[in-house]
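Residues per chain, in single letters:
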Amino acid sequence: ISYKVEKVVSDTDLKANEALIYLYNHNFDENFLSRILSVGTIGLKFNRKLVPTRWSITSVDSNIGNYLVSKIKNYNQSTYLVYFGGYLGNFYLIMLFPEVWNYELFETHISNVNHYMTDYEPYEGRKSYVEQTAGGFYACRSAIVEKLEEMKRQASVLALRFITGDYTLPLGVFVCREAARKALNNKPIEFSDKNLMLEYAKKLIKKKFNFDLNFLLDKSILLRKINTQSKLLKFL
């Protein structure tokens, strides 16, 4: 057992969140972190308890994601970038806008294009658990903020998940995290402005899935804020 693990297990005055961040910064992956949290071996002495695995996975994604979000808010803004890729029948289109941190996720099955789920996180963060996309929201976000931390950039991020017929059995939110990571590991396409990027995204999704992306884009809170919110520079 690593002495770093022994350190957080034996320290009964160390909060679970602080233990997770400590281990994450020492290269322990989310699978290990979710297991050590699930069996109740970290946290304050009298707060330690067994946690269902699915809860521990989302807790790790949420806590590590919040930690990374607090870091990327100090970075300069990204350029207009599009990432696309997938894993096990799940595909992600991830668009980065040169704005302060915001994050919105849409999920839809291409066999039922009229049904979708979505949740949104503003710059200030959420005050409650997401309503529709559940653990997939935090799993995808963790992959995105990892990439932004690697780039040393912040951005407003619109992520769209497309579930195809190849995804026949639900395998848990790790699929969301890995599919998003695979998309973000692909070479991005950079654009000079927002309209060019959105037009490319529409054509790409139409070609890949025969899906009209306007159906989702028209409902995006993030895009509505980008289009309507005035910037301080406007008044200088």
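What you see is a predicted model, and the numbers here were worked out from it, not measured in a lab.

**Student:** I'd like to hear about helix α5 (residues 135–151), residue by residue, with values.
**Tutor:** Here α5 contains 17 residues, and its C-alpha end-to-end distance of 25 Å stays within 8% of the 24 Å for a straight helix at 1.5 Å per residue. The element α5 is largely enclosed, with a buried count of 14 among its 17 residues.

**Student:** Lay out the sheet that holds strand β1 (residues 80–87) with the relevant residues and their values.
**Tutor:** Overall, mixed pairing links the 6 strands, which are arranged β4-β3-β5-β2-β1-β6 in an open sheet. Strands at the two margins of the open sheet, each flanked by one partner only, are β4 (117–121) and β6 (189–191). Strand after strand, the sheet turns through a mean of 15° between neighbouring axes, direction not considered. Looking at chain direction, strand β3 (residues 102–109) and β4 are connected through 5 bridges and run antiparallel. Across the sheet, residue E107 finds its bridge partner in β4, namely M117.

**Student:** A description of a nonpolar patch on the surface should follow, citing residues and the corresponding values.
**Tutor:** Together, L88, L169, L171 and F174 make up a nonpolar patch on the protein surface, roughly 360 Å² of accessible area in all. Position of L169 among the secondary structure elements: in the loop between β5 (156–163) and α6 (174–185).

**Student:** Help me get a handle on the nonpolar core, residues and values and all.
**Tutor:** Among soluble globular proteins, nonpolar side chains are generally buried collectively. Membership of the largest hydrophobic core comes to 45 residues, with the highest contact counts inside it found for Y92, I94, W101, Y103, I144 and V157. Per-element accounting of this core gives the leading share, 8 residues, to α5. Ranked by size, the runner-up nonpolar core spans 25 residues in total, among them F106, L158, L160 and L223.

**Student:** Tell me what's going on with the packing of helix α4 (residues 53–72) against α5, and back it up with residues and numbers.
**Tutor:** Two quantities define a packed helix pair, namely the angle between the helix axes and the distance between the axes. It is at 8 Å that the axes of α4 and α5 come closest, and there the two elements cross at 35°. The crossing of α4 and α5 is left-handed. Contacts from T58, D61, S62, G65, N66, L68, V69, K71 and I72 in α4 reach G135, Y138, A139, R141, S142, V145, E146, L148 and E149 in α5. Among the residues forming the contact of α4 with α5, the class breakdown is 7 nonpolar, 6 polar and 5 charged.

**Student:** Tell me about helix α7 (residues 194–209), residues and numbers included.
**Tutor:** With 16 residues, α7 should reach 22 Å at 1.5 Å per residue; the first-to-last C-alpha distance of 22 Å fits that figure. Along α7, the positions that sit buried rather than exposed are K194, M197, L198, A201, L204, I205 and F209. In a view along the axis of α7, the buried residues occupy a sector of 125°, so they form one face of it. Residues N195, K203 and K207 are exposed on α7 and point more than 90 degrees away from its buried face. The backbone nitrogen of N195 has a side-chain oxygen 3.1 Å away, supplied by the residue at the start of α7, namely D193. Once α7 ends, the next one or two residues include N210, with phi positive near 55°.

The rules we used
- Residues numbered from 1 in each chain as written.
- Predicted model: local features only at pLDDT ≥ 70, side-chain atom pairs only at ≥ 80, totals over all residues.
- Heavy atoms only, no water.
- Helix = DSSP H or I, 4+ residues; strand = E, 2+ residues; numbered from the N terminus.
- Expected span 1.5 Å × (residues − 1).
- Buried < 20%, exposed > 50% of the residue type's maximum accessible area, 1.4 Å probe, protein only.
- Pairing = 2+ DSSP bridges.
- Axes fitted to C-alpha atoms, helices over the stretch in contact; angles between N-to-C directions.
- Patch = residues over 30% accessible without salt bridge, like charges linked within 9 Å, V, L, I, M, F, W, Y side chains within 5 Å.
- Areas by Shrake-Rupley, 256 points an atom, 1.4 Å probe, with all protein chains shown as cover.
- Salt bridge = Lys/Arg side-chain N within 4 Å of Asp/Glu carboxyl O.
- Core = buried A, V, L, I, M, F, W, Y, C linked by side-chain atoms within 4.5 Å.
- Left-handed = near helix turned anticlockwise from the far one by under 90°.
- Contact = heavy atoms within 4.5 Å.
- Nonpolar A, V, L, I, M, F, W, Y, C, P; charged D, E, K, R; others polar.
- Arc of directions from axis to C-beta.
- Polar contact = N/O pair within 3.5 Å; in protein donor to acceptor, adjacent residues only side chain to side chain.

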